[in-house]
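Residues per chain, in single letters:
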Amino acid sequence: MDAKLICKLNERMKEGTLRSLSCFDGMTDFFSNDYLGLARQPFSPTEDYSGSTGSRLISGTSKEALECESFLAHNFDAEAALIFNSGYDANLGFFSSVPQKGDTIIFDQLIHASVRDGIRLSPAKAFSFTHNSLEDLEKKLRLAEGTMYVAVESLYSMDGDLAPLKEIADLCVQYKAYLIVDEAHAAGVFGKGLVDELGISDLVFARLVTFGKAYGAHGAAILGSLELKDYLVNFARSFIYTTALPPSAYHLIQQRCVVDLASLQDQLQQNIRIFRKMISSERLYSDARSPIQIIPIGDITKTRVLAEKLQAAGFAVKPIYSPTVPKGDERIRICIHSFNSEEEIVRLATLLN
Ligand SMILES: Cc1ncc(COP(=O)(O)O)c(C=O)c1O
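In this report, the structure presented in the accompanying data block is examined. (Residues numbered from 1 in each chain as written. Predicted model: local features only at pLDDT ≥ 70, side-chain atom pairs only at ≥ 80, totals over all residues. Heavy atoms only, no water.)

**Focus: the overall build of the protein**
Right, on to step 1. What the protein contains, in helices and strands, is 13 helices and 12 strands.
Right, on to step 2. In summary, the protein has a C-alpha radius of gyration of 21 Å against a globular reference of 20 Å for 353 residues, a match within 12%.
Right, on to step 3. The dimensions of the protein, computed from C-alpha atoms along their principal axes, are 55 × 50 × 50 Å.
Right, on to step 4. By residue count, 53% of the 353 residues in the protein fall in the buried class.
Right, on to step 5. Relative to all contacts within the protein whose residues are 6 or more apart in sequence, the contacts with residues 24 or more apart total 71%. (Helix = DSSP H or I, 4+ residues; strand = E, 2+ residues; numbered from the N terminus. Rg over C-alpha atoms; globule rule 2.2 N^0.38 Å. Buried < 20%, exposed > 50% of the residue type's maximum accessible area, 1.4 Å probe, protein only. Contact = heavy atoms within 4.5 Å.)

Okay, here's the thing in structure tokens:
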């Protein structure tokens, strides 16, 4: 491999932030996005796992795909739904194709890498606003040119805090900006997502829901108008130039969305409360209802040492370093689940204190 690439790997190694693949089978799960334990539930053994045979615009549009998209539109109270192979693909496809030259994308500074990568491929101008700051968002809206797009997450994946969505939506109405809400971590955890919970779907241009997290499946959908769906089918390259999901994947998505999640959601909230009660208040950073609870450390070595201590005690927990979060904001990211026992949560929290 080219020496420059080796050098980049060595730099990460020296800094202590080298990424590597590891399997934590058999350990107590405090790191997965399987918030409600649905990914652990078996799927029908009689299901046909055959492939989709092609991309959606050629042979990959099965009747299962069409049925699932109309089901999702109805389920999430949207005019239309378009399924992508993943949330990453959906954000990449949306942001690279919808905003045009002369338009402006304004995004929360902590927005997910998939949105950033879509923005990199877009001909539109783009700038960030201070995380969750309505004041800074308004300032940026005043400066923006052309059609304006505002990108936020409802529950931030690496911070576990919520966006002030209603206020952001109101600002977007005031400045005639199109609002895009990434609900990857909120959908399924807070009902069908925060947009639905707040009853503001009419104020949102597009919503992203993913099925690989609380729904325990795979894939993602962009929810919006029929016009937007037609546009994405024609111009979103990450939708067009890839083999579609297999028919069984659409069955699974539909199956997971019809499960009554209320008791699992209640149990999850109960477990979050148990965890937060055990952690001293000055270390609590994330939202009180968030299954993603961050313990900020702010130092690479200290973060690694704490993660190793937790792992040695049997807990599957990962340290989070730069570039996933800014340098100096290193942290331990704990994901609480409905299936974690009180005893597990108390043991974990004791080690964190
Ligand atoms: C906020 C957010 N958006 C999008 C994605 C991408 O979704 P997927 O895992 O389905 O590609 C993620 C995944 O971690 C995420 O956290």
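**Structural notes on the sheet that holds strand β11 (residues 318-320)**
Right, on to step 1. Strand order in the open sheet formed by three strands is β9-β12-β11, with antiparallel pairing between adjacent strands. Single-partner strands in this sheet number two, and they are β9 (292-296) and β11. Strand-to-strand twist across the sheet, computed as the mean angle between neighbouring axes with direction ignored, equals 35°.
Right, on to step 2. As defined by bridge partners, β9 adjoins strand β12 (residues 331-335) across five bridges and the pair is classed as antiparallel. When the bridges of β12 are listed, glutamine 293 appears paired with isoleucine 334.
Right, on to step 3. Packing against the sheet, helix α12 (residues 300-312) makes contact with β11 and β12, and its axis sits at approximately 35° to β12. (Pairing = 2+ DSSP bridges. Axes fitted to C-alpha atoms, helices over the stretch in contact; angles between N-to-C directions.)

**Let's talk about the packing of aromatic side chains**
Right, on to step 1. All told, the structure shown has 11 aromatic pairs when counted by the stated rule.
Right, on to step 2. With a centroid separation of 4.9 Å and an interplanar angle of 65°, the aromatic rings of phenylalanine 94 and phenylalanine 95 are classed as edge-to-face.
Right, on to step 3. Owing to a relative accessible area of 1%, phenylalanine 94 belongs among the buried residues under this scheme.
Right, on to step 4. Residue class for phenylalanine 95 comes out buried when judged on its relative accessible area of 0%.
Right, on to step 5. Ring plane angle 50° and centroid distance 4.6 Å describe the contact between tyrosine 178 and phenylalanine 205, whose orientation is recorded as tilted. Pair noted here: tyrosine 178 is in strand β6 (residues 177-182) and phenylalanine 205 is in the loop between α7 (194-198) and β7 (206-210), with a separation of 27 residues, a long-range link. (Phe/Tyr/Trp six-rings, centres within 6.5 Å; stacked < 30°, edge-to-face > 60°.)

**What to know about the sheet that holds β7**
Right, on to step 1. Strand order across the open sheet formed by seven strands is β2-β8-β7-β6-β5-β3-β4, with mixed pairing between neighbours. Looking at the sheet topology across the chains shown, the edges are occupied by β2 (80-84) and β4 (125-129). Taken over all neighbouring pairs, the strand axes of this sheet differ in orientation by 20° on average, direction set aside.
Right, on to step 2. Note: β7 against strand β8 (residues 220-224), four bridges, orientation antiparallel. Bridge assignment links threonine 210 to a residue of β8, and that residue is alanine 220.

**Here we look at the packing of helix α2 (residues 63-75) against helix α10 (residues 247-258)**
Right, on to step 1. Taken N-terminus to C-terminus, the directions of α2 and α10 make an angle of 25°; their axes are 9 Å apart at the nearest point. Comparing their axes, α10 and α2 come out roughly parallel. Here α2 runs over α10; the crossing is left-handed. For the pair formed by α2 and α10, the contact residues are Glu64, Ala65, Glu67, Cys68, Phe71, Leu72 and Asn75 on the first element and Pro247, Tyr250, His251, Ile253, Gln254, Cys257 and Val258 on the second.
Right, on to step 2. Counted by class, the contact of α2 with α10 contains nine nonpolar, three polar and two charged residues. (Parallel < 35°, antiparallel > 145°, perpendicular 65-115°, else oblique. Left-handed = near helix turned anticlockwise from the far one by under 90°. Nonpolar A, V, L, I, M, F, W, Y, C, P; charged D, E, K, R; others polar.)

**Here's the deal with the site of the ligand**
Right, on to step 1. Taken together, 13 residues lie near the ligand, and Gly87, Tyr88, Asp182, His185 and Lys213 sit nearest.
Right, on to step 2. Contact distances for the ligand include 2.6 Å between a nitrogen atom and a side-chain N or O atom of aspartate 182.
Right, on to step 3. About the coverage of the ligand: the protein hides 82% of its 390 Å² of free accessible area.
Right, on to step 4. Partitioning the shell around the ligand into residue classes produces two nonpolar, eight polar and three charged. (Near = heavy atom within 4 Å. Polar contact = N/O pair within 3.5 Å; in protein donor to acceptor, adjacent residues only side chain to side chain. Areas by Shrake-Rupley, 256 points an atom, 1.4 Å probe, with all protein chains shown as cover.)

**Some words on the side chain of asparagine 91**
Right, on to step 1. Following the sequence through the fold, asparagine 91 ends up in helix α3 (residues 87-97).
Right, on to step 2. Exposure remark for asparagine 91: the relative accessible area of 3% places this residue in the buried category.
Right, on to step 3. Only 3.1 Å separates the side chain of asparagine 91 from the side chain of aspartate 182, close enough to count as a polar contact.
Right, on to step 4. Those residues in contact with asparagine 91, other than ones at most four positions away along the chain, are Ser114, Val115, Gly118, Asp182 and Leu208.

**What to know about the environment of glutamate 67**
Right, on to step 1. Relative to the elements of secondary structure, glutamate 67 occurs in helix α2.
Right, on to step 2. Along the primary structure glutamate 67 and valine 346 are separated by 279 residues, whereas in three dimensions their C-alpha atoms are 44 Å apart.

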